[in-house]
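Summary of structural features
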Amino acid sequence: MHQPTTPASVQVPRRIRALGGRQALAWGVGIGLGLALGHDRPARANGAQAAGFNLGCAAGFGLVNITSSNIASSLGTSTGSPNQINGGSTVSVPASCSVAPPAPAQPGNGHALVGGQARLNAGSIAATRIFRSQSATVTNGPGTTVVSNAWTVQAEADALAVASYIGGINASNCTVALSSCHYSDAVNLSGSLTLTGSLPDTGGINYYNVQTVGRNVDLNFVGSGREYFVFNMPASLTTNQDWTLQGNVDPSRIIFNFARPGSNLSLTGSDVFGTFLLTGGGTATLNRSGNGNPSSITGSLIVINNRSALRFGSSTGANRVNAVINGRPFNPTALRSVPVPGPLPLLGGAVAFGWTRRLRRRLRQVRRPARIPQAASV
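Quick caveat: nothing in here was measured; it's all calculated off a predicted structure. (Residues numbered from 1 in each chain as written. Predicted model: local features only at pLDDT ≥ 70, side-chain atom pairs only at ≥ 80, totals over all residues. Heavy atoms only, no water.)

With that out of the way, let us pick up the overall build of the chain. Across its full length, the chain carries 5 helices and 22 strands. Counting all 378 residues of the chain, 46% fall into the buried class. Long-range contacts, defined as pairs at least 24 residues apart, comprise 68% of the intrachain contacts of the chain with a sequence gap of at least 6. (Helix = DSSP H or I, 4+ residues; strand = E, 2+ residues; numbered from the N terminus. Buried < 20%, exposed > 50% of the residue type's maximum accessible area, 1.4 Å probe, protein only. Contact = heavy atoms within 4.5 Å.)

Put into structure tokens, the structure is as follows:
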């Protein structure tokens, strides 16, 4: 007795369902393989972090000094005590902050930005150009370019926003809300201290919530050019030590946030690195050491709403440089990194793709209509 056979019209859907299930399984295995193999790839710094560090109209300068008080500052007052601002460029300044009248960007020529009610005696400072707002005053020194008050007002707001962003990072959002961020709490900056970055491969933020600051701290930074060293400072920093860099740490990616009221920066013959952001009403003083060594900053100095004068050394001493700023303005766009698929996830996708090509060929074959044998002629 013959068993009834299942019609081809019923067999095909069953095969299609089976092969369709295999196709889904192939993609699942392939994607799972890619994710599993690429799971250990650490997160990179994201766009939100870049936006938080964006200094906007305050970016691109070796020196920024903006104050709402009528305060007279000095960058050296005699040819016998010259000061220098080297590097810095308006190339990184947003187009919305353009100068008036327009002036071409000139990279690497020591730009400074002065705004608000600041009165600056540029003295014998060696800088190609100083940009000042319409309400600020700059005497002596190199030629100045007048920019609108709106520029420096916005520069002040941008700098304050970055200071607020840095002050808002905590142990929770550093590890949860932000990608590629390592948080160090209750840090004591004193004596000779080596700080080794925790994110050498991917880049990101090494964040230090500083609790105490000793005098004459000597810092040694060890890390890669992709990393950021960010310090939330509770008080003033005073040092006469020369700091050092190991690896290819970028000086502009070392950021000191002095947002507490009255937090000052005072250097005496020391050589330091970083973007020094003073927004708490403090000021900066850069002096020669007793043996005549100048103080120098490699990075940038941004002083907003200082309540006392910004001073670069004394006016005495023949042909002695008091202070040097080697402008390396902070560029937040370097923090932004768009991850691309790594080779291992791509491998998983390729495996899945290869499997599904074979399965699709089999599906096309089973979907072809079955041939019905012709009846024999009588």
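As a further point, take the packing of aromatic side chains. In total, this model carries 16 aromatic pairs according to the counting rule given. With a centroid separation of 6.5 Å and 5° between ring planes, the pair formed by Tyr208 and Phe229 is classed as stacked. Of this pair, Tyr208 sits in strand β11 (residues 204-213) while Phe229 is found in strand β13 (residues 227-232), placing the two residues 21 residues apart along the sequence. Across the pair, Phe229 and Tyr208 agree in class, each one buried. Here Trp243 and Phe276 contribute two aromatic rings whose centre-to-centre distance is 6.3 Å and whose plane-to-plane angle is 40°, an arrangement assigned as tilted. In this pair, Trp243 is assigned in the loop between β14 (237-239) and β15 (244-247) and Phe276 in strand β18 (residues 271-278), connecting sequence segments 33 residues apart. You can call Phe276 buried: its relative accessible area is 0%. (Phe/Tyr/Trp six-rings, centres within 6.5 Å; stacked < 30°, edge-to-face > 60°.)

Spatially, the 3 strands line up as an open sheet ordered β10-β12-β15, and their pairing is parallel. Two strands close off the open sheet at either side, each with one partner strand: β10 (192-196) and β15. In this sheet, neighbouring strand axes are inclined to one another by 15° on average, regardless of whether the strands run parallel or antiparallel. Alignment of strand β12 (residues 218-223) against β15, held across 4 bridges, turns out to be parallel. When the sheet's bridge partners are listed, Phe221 is paired in β15 with Leu245. (Pairing = 2+ DSSP bridges. Axes fitted to C-alpha atoms, helices over the stretch in contact; angles between N-to-C directions.)

The backbone of Ala186 sits at a positive phi, close to 55°, despite the residue not being glycine. Looking at where Ala186 falls in the secondary structure, it is placed in strand β9 (residues 181-189). Positioned with a positive phi, Asn216 is a non-glycine residue whose angle comes to about 55°. For Asn216, the position within the fold is in the loop between β11 and β12.

Now for the environment of Trp151. Its location among the elements puts Trp151 in helix α3 (residues 149-167). Residues Trp151 and Ser133, 18 residues apart in the sequence, show an inter-C-alpha distance of 7.5 Å.

This part is about the pattern of salt bridges. For the coordinates displayed, the defined rule picks out 1 salt bridge. A salt bridge links Arg253 to Asp250; its shortest N-O distance comes to 3.7 Å. On the accessibility criterion, Arg253 (13% relative accessible area) is buried. Classification of Asp250 by relative accessible area gives buried; the value is 17%. (Salt bridge = Lys/Arg side-chain N within 4 Å of Asp/Glu carboxyl O.)

A separate point is the state of the cysteines. The final tally for this structure, using the stated rule, is 1 disulfide. Through a disulfide, Cys174 is tied to Cys181; the S-S separation comes to 2.0 Å. Where Cys174 bonds to Cys181 through sulfur, the torsion about that S-S bond is close to -105°, and the disulfide is left-handed. (Disulfide = S-S within 2.5 Å.)

Moving on, we get to the side chain of Asn206. Topologically, Asn206 is positioned in strand β11. Of note is the side chain of Asn206, whose polar atom sits 3.1 Å from the side chain of Glu227. Not counting the four nearest positions on each side in its chain, Asn206 is found in contact with His182, Gly197, Ser198, Leu199, Glu227, Tyr228, Phe229 and Val230. (Polar contact = N/O pair within 3.5 Å; in protein donor to acceptor, adjacent residues only side chain to side chain.)

Among the nonpolar cores identified, the biggest contains 43 residues, and Phe221, Phe231, Trp243, Phe256, Phe276 and Leu301 are the most heavily contacted of them. It is β18 that contributes the most residues to this core, 4 residues altogether. Not counting residues up to four positions away in its chain, the partners in contact with Leu301 are Gly62, Leu63, Val64, Leu265, Phe276, Leu278, Ala284, Leu286, Leu310, Phe312 and Ile325. With 32 residues, the next largest nonpolar core counts Ala59, Ile66, Tyr183 and Tyr207 among its residues. (Core = buried A, V, L, I, M, F, W, Y, C linked by side-chain atoms within 4.5 Å.)

Looking now at α3. Every α-helix carries 3.6 residues per turn, so stepping three or four residues along brings you back to the same face. For α3, spanning 19 residues, the distance from its first C-alpha to its last is 27 Å, which sits close to the expected 27 Å at 1.5 Å a residue. Where α3 is concerned, the buried positions are Trp151, Thr152, Ala155, Glu156, Asp158, Ala159, Val162, Ala163 and Ile166. Each buried residue of α3 sits inside an arc of 165° when the element is viewed along its axis, so together they form one side. Opposite the packed face of α3, turned more than 90 degrees from it, sit the exposed residues Ala150, Val153 and Ser164. (Expected span 1.5 Å × (residues − 1). Arc of directions from axis to C-beta.)

What follows deals with the confidence of the model for the chain. The pLDDT averaged across the chain works out to 74; a share of 62% of its residues lies at or above 70. Segment residues 1-19: pLDDT under 50, and 13 contacts once partners within four positions in sequence are set aside and those in other chains are kept. Here residues 29-44 is a poorly scored stretch, pLDDT under 50, and it has 26 contacts once near neighbours within four places are set aside; other chains count. (pLDDT = per-residue confidence, 0-100.)

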